[in-house]
Amino acid sequence: MIEVRGLRYAYPDGAVALDGIDFHLNEGETVVLLGANGSGKTTFVLCLAGLLQASSGLIAINGIELTKSTAPELRRELGLVFQDADDQLFLPTVLEDVMFGPLNHGLSRADAERVARESLARTGVRAGYDRPPYHLSAGEKRRVAIAGVLAMNPKVLLLDEPTTYLDPPGQRDLVTILASLPQAKLLVTHDIHFASALGARAVFFDQGRIVGAGTVAEVVERFTWNLR
């Protein structure tokens, strides 16, 4: 699904955030990105999503290289769920928020509403569609944010610290939701229990490089002290 070779990204002040990343994500696979704050995980995800443009290197999605010209098409393949759900929820009601993407991709209002309701049901939201998103709990906001991404029918889900602000029951619900989804997933997290529940494979970032890879248990055992 995703192939990355030699990816580099430097901020305008010259600080190097990614320093030669090689990575791949297979169809249907869940991979966890671990590492300390500032190690490059979120920058990497934003480059995959086309929100940041790499300084050099290659990103290919389904065999198509990500460039300025291919970015609009390839962004449809990826669904990005931000760390803070409030960054994604901005319309007056839950239903309108989830309909926003399908409407902008040309669906009729009737079809967009059908898709939105189906996506909300997949994330366990079956009522309260007329509620303002800012009235929702953290867990409800997370479900609606994921539903908004699913309504776009992506092949890969990119989730940045998805357990942020969630209490233990909310985290357990999120594991159940994500485990039920067929898409390949890339999870940025510091939550080892969450990572272990979902991830088939993990990579560890350190100072803009991937310095280790393996099962979640292997990577945690080898590198978890670096998270402190």
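Not measured: the values here are computed from a predicted model. (Residues numbered from 1 in each chain as written. Predicted model: local features only at pLDDT ≥ 70, side-chain atom pairs only at ≥ 80, totals over all residues. Heavy atoms only, no water.)

Asker: For this particular structure, what's the right way to read the packing of aromatic side chains?
Answerer: The description of two aromatic rings rests on the distance between their centres and on the angle between their planes. Here the structure, examined in full by the defined rule, presents 5 aromatic pairs. Consider the rings of Y9 and Y11, whose centres lie 5.0 Å apart with planes at 85°: the pair is edge-to-face. Look at Y11 and you get partly exposed, because its relative accessible area is 35%. Note on F44 and F205: the rings are 5.6 Å apart at their centroids and 45° apart in plane angle, and the pair reads as tilted. Taken together, the residues span a long stretch of sequence, with F44 in helix α1 (residues 41-48) and F205 in strand β9 (residues 201-206) at a distance of 161 residues. Taken as a pair, F44 and F205 share a single burial class, namely buried. (Phe/Tyr/Trp six-rings, centres within 6.5 Å; stacked < 30°, edge-to-face > 60°. Buried < 20%, exposed > 50% of the residue type's maximum accessible area, 1.4 Å probe, protein only. Helix = DSSP H or I, 4+ residues; strand = E, 2+ residues; numbered from the N terminus.)

Asker: Please clarify how helix α6 (residues 168-180) should be interpreted in this entry.
Answerer: Residues spaced three or four apart along an α-helix point in a common direction, a consequence of the helix completing one turn every 3.6 residues. Across its 13 residues, α6 extends 19 Å between first and last C-alpha, which sits within 8% of the 18 Å expected from 1.5 Å per residue. In the core, the buried residues of α6 are packed alongside α4 (109-122), α5 (138-150), β7 (156-160), β8 (184-188) and α7 (192-198). Where α6 begins, one side-chain oxygen reaches toward the backbone nitrogen of G170, 2.8 Å away; that side chain belongs to D167. (Expected span 1.5 Å × (residues − 1). Contact = heavy atoms within 4.5 Å. Polar contact = N/O pair within 3.5 Å; in protein donor to acceptor, adjacent residues only side chain to side chain.)

Asker: What's the story with the sheet that holds strand β2 (residues 16-25) in this structure? I'm lost.
Answerer: Adjacent strands of a sheet pair through backbone hydrogen bonds, lying either parallel or antiparallel. Pairing within the open sheet is antiparallel, and its 4 strands lie in the order β2-β1-β4-β5. One side of each edge strand has no neighbouring strand; the edge strands of this open sheet are β2 and β5 (64-65). As judged from the 7 bridges shared by strand β1 (residues 2-10) and β2, these two strands associate in the antiparallel manner. In the strand pairing of β2, Y9 is matched with L18. In this fold α1 packs onto β1, β2 and β4 (56-61), with an angle of close to 115° to the strand it touches most, β1. (Pairing = 2+ DSSP bridges. Axes fitted to C-alpha atoms, helices over the stretch in contact; angles between N-to-C directions.)

Asker: I tried to follow the packing of helix α3 (residues 94-104) against α4 on my own but got confused; where do I start?
Answerer: A packed helix pair is summarised by two numbers, namely the angle formed by the two axes and the spacing between the axes. Remark: α3 packs on α4, axes separated minimally by 8 Å, with the N-to-C direction vectors making an angle of 120°. As the angle between them shows, α3 and α4 are arranged oblique. Both α3 and α4 take part in a crossing whose hand is right-handed. Between α3 and α4, the contacting residues are V94, L95, V98, M99, P102 and L103 on the first element and R109, A112, E113, V115, A116, R117, S119 and L120 on the second. In the contact of α3 with α4, the residues fall into 10 nonpolar, 1 polar and 3 charged. (Parallel < 35°, antiparallel > 145°, perpendicular 65-115°, else oblique. Left-handed = near helix turned anticlockwise from the far one by under 90°. Nonpolar A, V, L, I, M, F, W, Y, C, P; charged D, E, K, R; others polar.)

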